[in-house]
Amino acid sequence: MKNERTDIQTYGIKSVINYPSLDFLPILKKIQSREIKGQGGFDYILLRYLYQAIVQYKNESSRNILENTISNVNESAKTYHYEYVWLAVKKYPNSIYKGIIEELNYTDYEIKNLE
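Since we're looking at a predicted model, the values are computed, not measured.

Attention shifts here to the pattern of salt bridges. Applying the stated rule across the entire model yields 4 salt bridges. Between E67 and R63 there is a salt bridge; the shortest N-O distance is 3.0 Å. Remark: R63 and E67 occur in helix 4 (residues 60-72); sequence separation between them is 4 residues, near one turn of the helix. With relative accessibility at 12%, the residue R63 sits in the buried group. Residue R63 is joined to E103 by a salt bridge in which the shortest nitrogen-to-oxygen separation is 3.6 Å.

And the structure:
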């Protein structure tokens, strides 16, 4: 995951979904911090798996990363990050993430389109 190429990072992130060691959380946070700036385009596959990996930790740190995304994502990147945060929390629900979906401020119509 330390490789600069996002396609290679994606392989590491996918493995974290199945084996979420706390050693990887700072790396995921660093990737998330870079990606919410939305500079240089988007790697949609990386984003999808990034948030699914983050929610595997089910702790306050992972919740803070999601909240940081919601609060600080670049406007041009907002649509994609919000969608993948929503997907991760729906796919891997846990009480620690209660209220995250509501913070995304999706309308009922938008939620139906996501489902």
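Moving on from the coordinates now.
Considering the arrangement of structural elements, one finds G41 in the loop between helix 2 (25-35) and helix 3 (44-54). Linking G41 and A77, residues 36 residues apart in sequence, is a C-alpha distance of 8.8 Å.

In this structure, I13, L28, Y51, L66 and V89 are the most contacted members of the largest nonpolar core, which totals 33 residues. Elements represented by at least two residues in this core include exactly helix 1 (6-18), helix 2, helix 3, helix 4, helix 5 (78-91) and helix 6 (100-103). Setting aside chain neighbours within four positions, we find I13 in contact with M1, L28, I31, L46, Y49, L50 and A53.

Where helix 1 meets helix 2, the axes come as close as 12 Å, and the angle between the chain directions of the two elements is 135°. What the angle tells us is that helix 1 and helix 2 run oblique. For the pair helix 1 and helix 2, the sense of crossing is left-handed. Across the interface between the two elements, T6, Q9, I13 and V16 of helix 1 pack against L28, I31, R34 and E35 of helix 2.

Along the chain, T10 turns up in helix 1. Look past the residues within four positions of T10 in its chain and what remains in contact with it is D43, I45, L46 and Y49.

A positive phi angle is found at K58, which is not glycine, with a value near 50°. For K58, the position within the fold is in the loop between helix 3 and helix 4. The backbone of N105 shows a phi angle near 55°, a positive value even though the residue is not glycine. Within the secondary structure, N105 is located in the loop between helix 6 and helix 7 (108-114). With a relative accessible area of 61%, N105 lands in the exposed category.

Definitions and limits used
One numbering rule holds for all chains: residues counted from 1, following each sequence as written. The predicted origin of the model limits local features to residues at a pLDDT of at least 70 and limits the giving and counting of side-chain atom pairs to 80 or more, whereas totals for whole chains, interfaces and linings rest on all residues. With hydrogens and water stripped out, all remaining heavy atoms of the structure feed into the side-chain values. By convention in these notes, a salt bridge is any Lys or Arg side-chain nitrogen within 4 Å of a carboxyl oxygen on Asp or Glu. Strands here mean DSSP runs of E at least two residues long; helices mean DSSP runs of H or I at least four residues long; both are numbered from the N terminus. The classification of residues rests on relative accessible area computed with a 1.4 Å probe and restricted to protein chains. Under 20% of the type maximum is buried, over 50% is exposed, and intermediate values are partly exposed. Among buried residues, the Ala, Val, Leu, Ile, Met, Phe, Trp, Tyr and Cys ones that are joined through side-chain atoms within 4.5 Å form a nonpolar core. Throughout, a residue-residue contact means that at least one pair of heavy atoms, one from each residue, lies within 4.5 Å. Whenever a helix is involved, its axis is fitted only over the stretch in contact; in every case the axis is a line through C-alpha atoms, and angles between N-to-C directions fall within 0 to 180 degrees. To sort the angles, those under 35 degrees are grouped as roughly parallel, those over 145 as roughly antiparallel, those from 65 to 115 as roughly perpendicular, and the leftovers as oblique. For any pair of crossing helices, the crossing counts as left-handed if the nearer helix is rotated counterclockwise from the farther one by less than a right angle, and right-handed if it is rotated clockwise.

All quantities given are derived from atomic positions and should not be read as evidence of function.
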